[in-house]
Amino acid sequence: TILPKEQALLDWVVSEGGELRVTISRDNAGVRGLYTTQPVKKGEALLSIPRHLVLSVKNVAAAEASPQLLKEMHSPCSRLRPYLDTLPGPDGVLTAYNWPEEYIKYLADPVMEEQVGNSFKLHARNTWLGHNDDEMEMTIPEAIGRKNITLQEWEHVVSLLSSRTFSIRKGALSLVPLLDLANHDVRDINKLGNTTTVRLIAGKDLAAGEQVTITYGPMRNDELLMYYGFLDTVTDPPRLFSIDHRDFKLYEAHQLSDRPLEGPPEVLRAELTRLLGIVAALEIRLQALGPIPETQPYVASVLRAAHDMRRRALQAEIGRVERQLQRGSGGGAVEEL
Ligand SMILES: C[S@@+](CC[C@H](N)C(=O)[O-])C[C@H]1O[C@@H](n2cnc3c(N)ncnc32)[C@H](O)[C@@H]1O
């Protein structure tokens, strides 16, 4: 299932001094990823990429860091050409930055709609309009001269940068050829190393032909959706969306605890009421919206899956709090689950 341009990427990395025990392939759903070509033992390198193949930009908001990538993409003789040729096209990447306008309301939540419409997309738009030029290392005209790009093209570049960079270098966001083809698995234990080359070290023994994943972090489904356009299918029951977490605050980034809420019955009852309120609001909103349009089948399907996972996470949490309350009212001490 490897395309000629993907084979060219592998050949280029090797000719530049890289070492690979992986190749490019696809899973049953057609998602491209990295797969081992041979058995690899725990502690051995799965791949090693020379530092000179890495494109690093300043660690600022994705929209403000993206002109450097845009410049490379527009330059026919970029030294990174074999890498640039394998980047997904506009239909192959979905983030909040290029979230289609017509699908914003189908997020079916005022907070998520606000995040996508008034934070991510607005920021991309303002940057495209040149409003943030004074704060940027490179502006769009500095990257590509007087060529015009559409807002859609710009959102695509910003989405690419946002969904494919690593923090392997101080103060920088780095695009690492091939390593950026590793998909996410929240359980993953492969380790990134960064010395004279960027290396991915096997966290356990792998057989030939196994998919090589990394973890993008302990992200919840609404965060995965906005930053990467897919959902976590391995955590069951799904974790609460961050917007549904009791400690969530809009535009305040902090780690939300996975520890179950504990406390006296009145605290648990208040939490139950809060969660039931979210479910009711979600169902009313989905009813009012009607069926999700099929204009972009992938977006429609990921939205349906997101609503389903959000419901299941809320129901699981409601059930847990209810059981905790019942045990409490049964006379015994409230146990930890
Ligand atoms: C760093 S890239 C990984 C390589 C990507 N599959 C490709 O072909 O370019 C991140 C993107 O891969 C996809 N992806 C990563 N992990 C995934 C997963 N567990 N399930 C489905 N898609 C995933 C998403 O589209 C995400 O935005």
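Residues numbered from 1 in each chain as written. Predicted model: local features only at pLDDT ≥ 70, side-chain atom pairs only at ≥ 80, totals over all residues. Heavy atoms only, no water.

### Structural notes on the packing of aromatic side chains
The relative placement of two aromatic rings is captured by the distance of their centres and the angle of their planes. Note the threshold: Whether two aromatic rings pair depends on their centres lying within 6.5 Å, for rings of Phe, Tyr and Trp, where Trp uses its six-membered ring; planes under 30 degrees apart make the pair stacked, over 60 edge-to-face, and the rest tilted. By definition, any uninterrupted DSSP run of H or I lasting at least four residues is a helix, any uninterrupted run of E lasting at least two residues is a strand, and each is numbered from the N terminus.
All told, the structure shown has 6 aromatic pairs when counted by the stated rule. For the ring pair tyrosine 97 and phenylalanine 120, a centre distance of 5.0 Å and an interplane angle of 75° mean the geometry is edge-to-face. A residue pair is termed long-range when its members are at least 10 positions apart, and tyrosine 97 in the loop between helix H4 (81–84) and helix H5 (110–128) and phenylalanine 120 in helix H5 qualify at 23 residues. One aromatic cluster in this structure is built from Tyr97, Phe120 and Tyr227.

### Observations concerning the pattern of salt bridges
Stated formally: Salt bridges are counted wherever a side-chain nitrogen of Lys or Arg sits within 4 Å of a carboxyl oxygen of Asp or Glu.
This model, assessed by the stated rule, comprises 19 salt bridges. The shortest N-O distance in the salt bridge between arginine 259 and glutamate 262 comes to 3.6 Å. Here the residues in one salt-bridge network are Glu6, Arg26 and Arg32, joined through shared partners.

### Structural notes on the pairing of strand E11 (residues 211–214)
Condition: Pairing between strands is defined by DSSP: at least two bridges between them are needed.
As defined by bridge partners, strand E3 (residues 32–36) adjoins E11 across 2 bridges and the pair is classed as antiparallel. Each bridged residue has a counterpart across the sheet, and for tyrosine 35 the counterpart in E11 is glutamine 211. By the bridge criterion, 2 bridges tie strand E8 (residues 183–184) to E11 in an arrangement that is parallel. Bridged to histidine 184 within E11 is isoleucine 214.

### Details of the nonpolar core
Test applied: To form a nonpolar core, buried Ala, Val, Leu, Ile, Met, Phe, Trp, Tyr and Cys residues must be joined to one another through side-chain atoms within 4.5 Å. Exposure categories follow from relative accessible area, calculated using a 1.4 Å probe and restricted to protein chains: below 20% of the type maximum is buried, above 50% is exposed, and the middle band is partly exposed. An automatic or database domain assignment supplies the start and end points of every domain. Whether two residues touch is decided by their heavy atoms; if any such pair falls within 4.5 Å, the residues are in contact.
Of all hydrophobic cores here, the largest spans 79 residues; its most connected members are Leu34, Leu69, Trp99, Trp154 and Leu178. Of the residues that make up this core, three or more belong to each of domain 1 (4–214) and domain 2 (236–329). With residues near it in sequence (within four places) discarded, tryptophan 99 still touches Leu94, Ile104, Leu107, Val116, Lys121, Leu225, Val299, Val302 and Leu303. Leu272, Leu275, Ile278 and Val279 belong to the second-largest nonpolar core, a separate cluster that totals 12 residues.

### Some remarks on helix H3 (residues 67–74)
Along an α-helix, residues three or four positions apart point the same way, because every turn accommodates 3.6 residues. The complete set of buried residues in H3 reads Pro67, Gln68, Leu69, Leu70 and Glu72. Buried-residue contacts for H3 involve strand E5 (55–58), helix H2 (62–65), H4, helix H6 (140–144), helix H7 (151–164) and strand E7 (172–175).

### Section: the domain arrangement of the chain
To keep things clear, this is the line we draw: We define buried area as the total accessible area lost by two parts upon association, computed with a 1.4 Å probe and summed across both. A 3.5 Å cut-off defines polar contacts: any pair of N or O atoms within that distance qualifies, except that in protein one atom must be a possible hydrogen donor and the other a possible acceptor, and neighbouring residues in sequence count only when both atoms are side-chain atoms.
Its domain assignment divides the chain into domain 1 (4–214) and domain 2 (236–329). Taking the mean C-alpha position of each, domain 1 and domain 2 sit 30 Å from one another. Each side of the interface is counted separately: domain 1 has 17 residues, and domain 2 has 23 residues. On the domain 1 side of the interface with domain 2, the three residues burying the most area are Tyr103, Tyr106 and Ala108, jointly 39% of the side's total. The interface formed by domain 1 and domain 2 contains 2 salt bridges. Across the pair glutamate 113 and arginine 285 runs a salt bridge whose closest N-O atoms are separated by 3.0 Å. Linking domain 1 with domain 2 are 8 residue pairs in polar contact (both at pLDDT 80 or more), by the criterion used here.

### Quick word on the site of the ligand
Under the convention used in this document: Each residue is tested against the molecule or strand, and it is near if at least one of its non-hydrogen atoms lies within 4 Å. Residues were grouped as follows: Ala, Val, Leu, Ile, Met, Phe, Trp, Tyr, Cys and Pro as nonpolar; Asp, Glu, Lys and Arg as charged; and all remaining residues, including Gly, as polar.
Surveying the vicinity of the ligand reveals 13 residues, the closest of which are Arg32, Arg164, Asn183, His184 and Tyr228. Here an oxygen atom of the ligand sits 2.9 Å away from a polar atom, N or O, in the side chain of arginine 164. One of the backbone nitrogen or oxygen atoms of tyrosine 228 is found 2.7 Å away from an oxygen atom of the ligand. Contributing elements (two or more residues each) for the shell around the ligand: H7 and E8. Of the residues contributing to the shell around the ligand, the split by class is 7 nonpolar, 3 polar and 3 charged.

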